[in-house]
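Results of the structural survey
Read off the chains here:
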Amino acid sequence: DEATDDKDDQEAGASADINSTEVDLSALNSVNAKADVSIGRLQANRVVTEDVELKLRLNDGTLRLAPLSLNLYSGTLRMEATVADSPGGANIQFSNRLTALQLGPLTEALMEKPTLSGLGNVSFDLTSQGKTVGQLRQALNGKLSLDLADGAVYGFNVAKILRSAQARRSGDEAALAEAKQEQRTDFAAMSATAVINNGVLSNRDLSLMSPALRLSGEG
């Protein structure tokens, strides 16, 4: 209908406007700077971090984060990044290593309720270059990996759904009552790796193992 068409046109226009937005880093050429920051304990939006170490270097149009490291919720984070002004536009390199993170306390601090728990490892290495947001999107390349263990996803319970369906078919009221339990899906392991090639992310090895099911996927 006409209202839907207008909404689609507005969304397409907004996306086009974002993609055409210029990314101007020429201001990086006007100053050289150096910063070293150490913080014993820092809390931001309920998220608590410790042993924060930050090193920044700005020279000749190139800003380097080398590195940012900190401890949070029994895990460690190490991040490195380079942002440079170049003839081809903004030149960006970004890497991150998040190791042995307890996801339960972190997601509860962020969302004010448990959404995901488990022991997590996340890493990614990304690069891009362009003069506009659209060019940066299209030139995005890199790799990502995710590895979670002994956790749970809150909000739905796959085992309950399967048991409820079976109990309804059999008419077993006791089994149906037993199936009504906490809305969470436990898993023993969840992992995936992905490759980004010119703005397109591909995954071929999504895997989830839980007491109720085994799941694999790609896309």
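What to know about the nonpolar core
Among the nonpolar cores identified, the biggest contains 18 residues, and Leu68, Leu70, Leu72, Leu77 and Leu101 are the most heavily contacted of them. Among the secondary structure elements, those contributing two or more residues to this core are strand 2 (47–59), strand 3 (62–72), strand 4 (75–86), strand 5 (89–102), helix 2 (103–111) and strand 8 (184–197). Setting aside residues no more than four positions away along its own chain, Leu68 makes contact with Val52, Glu53, Leu54, Leu77, Arg78 and Met79. Grouped together as the second largest cluster of nonpolar side chains are five residues, Leu28, Leu58, Ala90 and Leu136 included.

What about the packing of aromatic side chains?
Taken as a whole and assessed by the stated rule, the structure comprises one aromatic pair. Ring centres 5.5 Å apart and planes at 40° place the aromatic pair Phe94 and Phe124 in the tilted group. Pair noted here: Phe94 is in strand 5 and Phe124 is in strand 6 (residues 116–130), with a separation of 30 residues, a long-range link.

Details of a nonpolar patch on the surface
On the surface, Val37, Ile39 and Leu42 cluster together to form a nonpolar patch covering roughly 190 Å² of accessible area. Position of Val37 relative to the elements: it lies in strand 1 (residues 33–44).

Side note on unusual backbone geometry
Ala66 connects to Pro67 through a cis peptide bond whose omega is -10°. Here Pro67 lies in strand 3. We note that Asp60 has phi near 50°; this positive angle belongs to a residue other than glycine. With respect to the helices and strands, Asp60 occurs in the loop between strand 2 and strand 3. Residue Glu112 is not a glycine yet carries a positive backbone phi of 65°. Within the fold, Glu112 resides in the loop between helix 2 and strand 6. A relative accessible area of 60% means that Glu112 is categorised as exposed.

Observations regarding helix 2
Within the span of helix 2, buried status applies to Leu103, Gly104, Leu106, Thr107 and Ala109. Buried residues in helix 2 make contact with strand 2, strand 3, strand 5, strand 6 and strand 7 (141–154).

So, the pairing of strand 6
When strand 5 meets strand 6, the two strands line up antiparallel, connected through 11 bridges. Bridged to Asn91 within strand 6 is Gln129. Two elements, strand 6 and strand 7, share 11 bridges in a ladder whose sense is antiparallel. Note that in strand 7 the partner of Phe124 across the bridge is Leu144.

Topic: the pattern of salt bridges
Two side chains with opposite charge may pair up if their charged atoms get near one another. A complete count under the given rule lists five salt bridges for this structure. A salt bridge links Asp36 to Lys55, with the nearest nitrogen and oxygen atoms 3.8 Å apart. Taken together, the residues span a long stretch of sequence, with Asp36 in strand 1 and Lys55 in strand 2 at a distance of 19 residues. Residue class for Asp36 comes out partly exposed when judged on its relative accessible area of 45%. A residue is classified by how much of its surface remains accessible, and Lys55, at 36% relative accessible area, is partly exposed. In this structure, Arg57 and Asp36 form a salt bridge, with 3.1 Å as the shortest nitrogen-oxygen distance. Here the residue Arg57 occupies a position in strand 2, and Asp36 occupies one in strand 1, the gap between them amounting to 21 residues. Each of Asp36, Lys55 and Arg57 takes part in one network of salt bridges that share partners.

Conventions we followed
- The residue numbering used here restarts from 1 in each chain and proceeds along that chain's sequence as written.
- A pLDDT threshold of at least 70 governs which residues receive local features in this predicted model, and a stricter bar of 80 or more applies before side-chain atom pairs are shown or counted, although totals over entire chains, interfaces and linings include all residues.
- To get the side-chain values, take all heavy atoms of the structure and skip hydrogens and water.
- Note on terminology: a nonpolar core comprises buried Ala, Val, Leu, Ile, Met, Phe, Trp, Tyr and Cys residues joined through side-chain atoms within 4.5 Å.
- Here the term buried applies to any residue with accessible area under 20% of the maximum for its type, exposed to any over 50%, and partly exposed to those in between, with areas from a 1.4 Å probe on protein chains only.
- We count a stretch as a helix when DSSP gives it H or I for four or more residues in a row; a strand needs E for two or more, and each element gets its number in order from the N terminus.
- In this analysis, two residues are considered to be in contact whenever any of their non-hydrogen atoms come within 4.5 Å of each other.
- When the centres of two rings from Phe, Tyr and Trp lie within 6.5 Å, Trp using its six-membered ring, the rings pair. Their planes under 30 degrees apart give stacked, over 60 give edge-to-face, and anything left gives tilted.
- For patch building, the residue pool is restricted to those with more than 30% relative accessible area and no salt bridge; the joining distance is 9 Å between like charges and 5 Å between nonpolar side chains (Val, Leu, Ile, Met, Phe, Trp, Tyr).
- All accessibility values rest on the Shrake-Rupley procedure with a 1.4 Å probe; residue burial counts only the protein chains present in the view.
- Salt bridge criterion: a side-chain nitrogen from Lys or Arg within 4 Å of a carboxyl oxygen from Asp or Glu.
- Two strands pair if DSSP finds at least two bridges between them.

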